[in-house]
Amino acid sequence: MRWTVRLEVRTSAGELKATELVTFSRPAVIGTLAEVGLLLDETKALLARLQASVLCSQVAAYAAHHWACAACGLLQPLKDRRTRRLRTLFGTVEVEAPRFKVCRCRLTTPLAEVTVSPVCALLTARCTPELERVQAELGARTSFRDAARILETLLPSSPANQEGVRNRTHAVALRLEAADRQAATEATAVRNEPDEAAAADEHRPIVMLDGAYIRAVPGHQVRNFEAVCGKVEREGQPTQRFALVRSVAEQPHALLRAALQGQGWREGDPVTAISDGDPALPALVRSATGGPVEHILDWFHLSMRARHVEQVMGGLCALEPPPLAPLEQAQIDVERLRHLLWNGYHGKAREALCRIVSGAKDATVLNEPGVEAKARRLAARCTELRGYIEGNEGALIDYGQRYRAGKPISTSRAEGTVNQLVNARMNKRRQMRWSPRGAHRVLQVRAAVLDGRFSHQAIPLAA
Ligand SMILES: [Zn+2]
């Protein structure tokens, strides 16, 4: 059996033209399942021919339309016929790009010769926006090499190599970032109505921030560098992720500001930020909003430090024979610690920590070296936690009350974002090393892809 695929095109003038695209054949009675239906190679060839045919006739019609002078309607003299290559998802197509001498009627100096190439003016980039978008999305989802392989396997696209995918991903990232910076400069109206302002306060956006470390390329001054990841949540809105490498982001605060604006935040609206003890994170939120920010210390990070104290105490109590010095008071204090922190009694928690430290010191003096080492560790953990509480005094709240009100108290959801944004693409296990700039750019596209913004957000075209 033989199949021939023919393409019929009817021009706007009503003319009908037919071209043969591909022909393929199979035995009349097939022998195996593998012969059933279209094969990938046949399909790729078919798509490539179809694309070339459609694209060339479109471009030819475009050139023909622009041949006539726009002012007087006379055909402009043809100077020469050049060719241009355009990369598309369905193959690279070479098109004719005729150059015309500009009609005399439009020249101010009669002897001058000006040429125009309408096709070159149409093809503003070497690849179609769709090819760029697909390459950038795949490049953000998986390694550049795998992305190139996937494209090459499934589509007749122009030989996709990893450099090509990387370059397109970077190019798209730069434009996404520029669009965010642009959005951040646009003034947002201040809410004037009191009930509007109250509603803004009730549904204030919550920014959850966390840091992640990425392995740097050899030769970089540090082994790892930090990326700030987070998400902006607001009731009734899909959450928006953002990520940046501060050392290379042109305006880090603008990226966060754009994410806030995307959630309906307006100038002067209150914002809540939840993060660990790194003071740079709430500072970033403050510079993004230019206004007051309620900063909450992440409960998860606080609770983790309390657990360290509990674990060391547990080890100390389990010793055989039990320590001689009285540790009962310290034990009671350790048991209360989490309750005090949860319910906002931070002053009392600090006092309890002081008592545990002095109890641990007594135990160090009175006991065997085995007890001594553990007691020292207990004192060290408590001092560390006390320092953490003191360093974040203003960001400690009554977690229990906030939790019962159904409001988030932890960045654990931001940590999920870190996993999705950074670890899944830049994980140490993948043996990948990044330049801060490269990582920053991939993160821009990745955040947009994971949010689902990438497929519907208009990405500004290449200039
Ligand atoms: Zn003319």
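Just so you know, these numbers come straight off a predicted model, no measurement behind them. Every chain is numbered independently, its residues counted from 1 as its sequence is written. Selection of residues for local features in this predicted model requires a pLDDT of at least 70, selection of side-chain atom pairs for listing and counting requires 80 or more, and totals for whole chains, interfaces and linings are taken over all residues. The side-chain quantities take in all heavy atoms of the structure and omit both hydrogens and water.

Caption draft 1: Expanded view of the overall build of the protein. What counts as a helix is a DSSP run of H or I of at least four residues, what counts as a strand is a run of E of at least two, and both are numbered from the N terminus. When you go through the protein residue by residue, the secondary structure sums to 16 helices and 10 strands. Projected onto its principal axes, the C-alpha positions of the protein cover 105 × 70 × 45 Å. Relative accessibility decides the category of a residue: with a 1.4 Å probe and only protein chains considered, values under 20% of the type maximum give buried, values over 50% give exposed, and everything between is partly exposed. Counting across all 463 residues of the protein, residues that qualify as buried make up 43%. Accessible surface computed for the protein: about 24,400 Å², of which carbon and sulfur atoms make up 53%. For the protein, the distance from the average position of its 63 positive side-chain charges to the average position of its 50 negative side-chain charges is 8 Å. With residues, only the protein chains shown are counted as cover, and all accessible areas are computed by Shrake-Rupley using a 1.4 Å probe. This count recognises Lys and Arg as positive and Asp and Glu as negative, with His and chain-terminal groups excluded. Note on charges: their place is set at NZ of Lys, CZ of Arg, CG of Asp or CD of Glu.

Caption draft 2: Seen up close, the coordination of the zinc ion. The zinc ion binds to the protein through Cys69 (SG), Cys72 (SG), Cys103 (SG) and Cys105 (SG), with metal-donor distances spanning 2.2 to 2.3 Å. Coordination geometry of the zinc ion: the 4 donor atoms subtend angles of 105 to 120 degrees at the metal centre, consistent with an arrangement described as tetrahedral. Note: metal donors comprise N, O and S atoms at 2.8 Å or less from the metal (3.2 Å for Na, K and Ca); water molecules are not included, so apparent gaps in a site are possible. Along the chain, the residues donating to the zinc ion are arranged with the sequence spacing C-x2-C-x30-C-x1-C. Note that Cys69 is positioned in the loop between α1 (40–65) and β3 (78–88) and Cys103 in the loop between β4 (91–101) and β5 (115–116), a separation of 34 residues in sequence. Both residues of the pair, Cys69 and Cys103, belong to the buried class. Only two sets of limits are used to name each site, 85 to 135 degrees for every angle of a tetrahedral four-donor site, and over 155 degrees for opposite donors with all other angles from 65 to 115 for a square planar four-donor or octahedral six-donor site, with any other site named irregular.

Caption draft 3: Highlighting the sheet that holds strand β8 (residues 240–244). On the basis of which strands lie adjacent, the open sheet formed by 5 strands has the order β8-β7-β6-β9-β10 and mixed pairing. Edge positions in the sheet fall to β8 and β10 (293–297), since each of these pairs with one other strand and no more. Taken over all neighbouring pairs, the strand axes of this sheet differ in orientation by 25 degrees on average, direction set aside. Taken together, the 10 bridges between strand β6 (residues 206–215) and strand β7 (residues 224–233) define a ladder with antiparallel strand orientation. Each bridged residue has a counterpart across the sheet, and for Tyr213 the counterpart in β7 is Glu226. A pair of strands is considered paired only if DSSP assigns at least 2 bridges between the two. Helix axes are fitted to C-alpha atoms over the stretch in contact, other axes to C-alpha atoms as well, and angles between N-to-C directions run from 0 to 180 degrees.

Caption draft 4: Region of the structure containing the packing of helix α3 (residues 129–141) against helix α5 (residues 162–185). It is the contact of α3 with α5, at a shortest axis distance of 8 Å, that shows an interaxial angle of 100 degrees. Regarding the angle of α3 to α5, the classification is roughly perpendicular. Seen from α3, the contacting residues are Leu131, Glu132, Gln135, Ala136, Gly139 and Ala140; seen from α5, they are Gly164, Val165, Arg168, Thr169, Ala171, Val172 and Arg175. Here the nonpolar group is Ala, Val, Leu, Ile, Met, Phe, Trp, Tyr, Cys and Pro; Asp, Glu, Lys and Arg are the charged ones; every other residue, Gly included, is treated as polar. Classifying every residue of the contact of α3 with α5 gives 6 nonpolar, 4 polar and 3 charged. Oblique is the label for any angle not covered by the other classes, which are roughly parallel (under 35 degrees), roughly antiparallel (over 145) and roughly perpendicular (65 to 115). Should any heavy atoms of two residues lie within 4.5 Å, those residues are considered in contact.

Caption draft 5: Local environment of the environment of Ala283. Counting through the fold element by element, Ala283 comes out in helix α8 (residues 280–289). Residue classification places Ala283 among the partly exposed residues on the basis of a relative accessible area of 34%. The sequence separation of Ala283 and His253 amounts to 30 residues, and the corresponding C-alpha distance is 9.5 Å.

Caption draft 6: Looking closely at the pattern of salt bridges. Put simply, a salt bridge is a Lys or Arg side-chain nitrogen that is within 4 Å of an Asp or Glu carboxyl oxygen. Per the counting criterion, the structure on display carries 24 salt bridges. Between Arg99 and Asp80 there is a salt bridge, with its nearest N and O atoms 3.0 Å apart. Of this pair, Arg99 sits in strand β4 while Asp80 sits in strand β3, and the two are 19 residues apart along the sequence. Classification of Asp80 as partly exposed rests on a relative accessible area of 23%. One network of salt bridges, in which partners are shared, links Arg350, Arg386, Glu390 and Glu393.

Caption draft 7: Looking closely at the packing of aromatic side chains. Any two of the Phe, Tyr and Trp rings considered here, Trp counted by its six-membered ring, make a pair once their centres fall within 6.5 Å; the pair's planes then place it as stacked at under 30 degrees, edge-to-face at over 60, or tilted in between. The tally for this structure, following the rule as stated, stands at 6 aromatic pairs. On the numbers, 5.3 Å between centres and 15 degrees between planes, the contact of Trp67 with Phe100 is stacked. Taken together, the residues span a long stretch of sequence, with Trp67 in the loop between α1 and β3 and Phe100 in strand β4 at a distance of 33 residues. Centroid distance Trp299 to Trp342: 5.0 Å. Interplanar angle 70 degrees. Geometry classified as edge-to-face. Residue Trp299 is located in helix α9 (residues 299–317), and its partner Trp342 is located in helix α10 (residues 328–342); the two are separated by 43 residues in the primary sequence. A relative accessible area of 21% means that Trp342 is categorised as partly exposed. Any Lys NZ or Arg CZ that is within 6 Å of a ring centre and within 35 degrees of that ring's normal is treated as a charge sitting over the ring. Sitting over the face of the ring of Tyr388, Arg305 holds its NZ or CZ atom 3.8 Å from the ring centroid. Cation over ring: Lys348 sits above Tyr345, and NZ or CZ is 5.2 Å from the ring centre.

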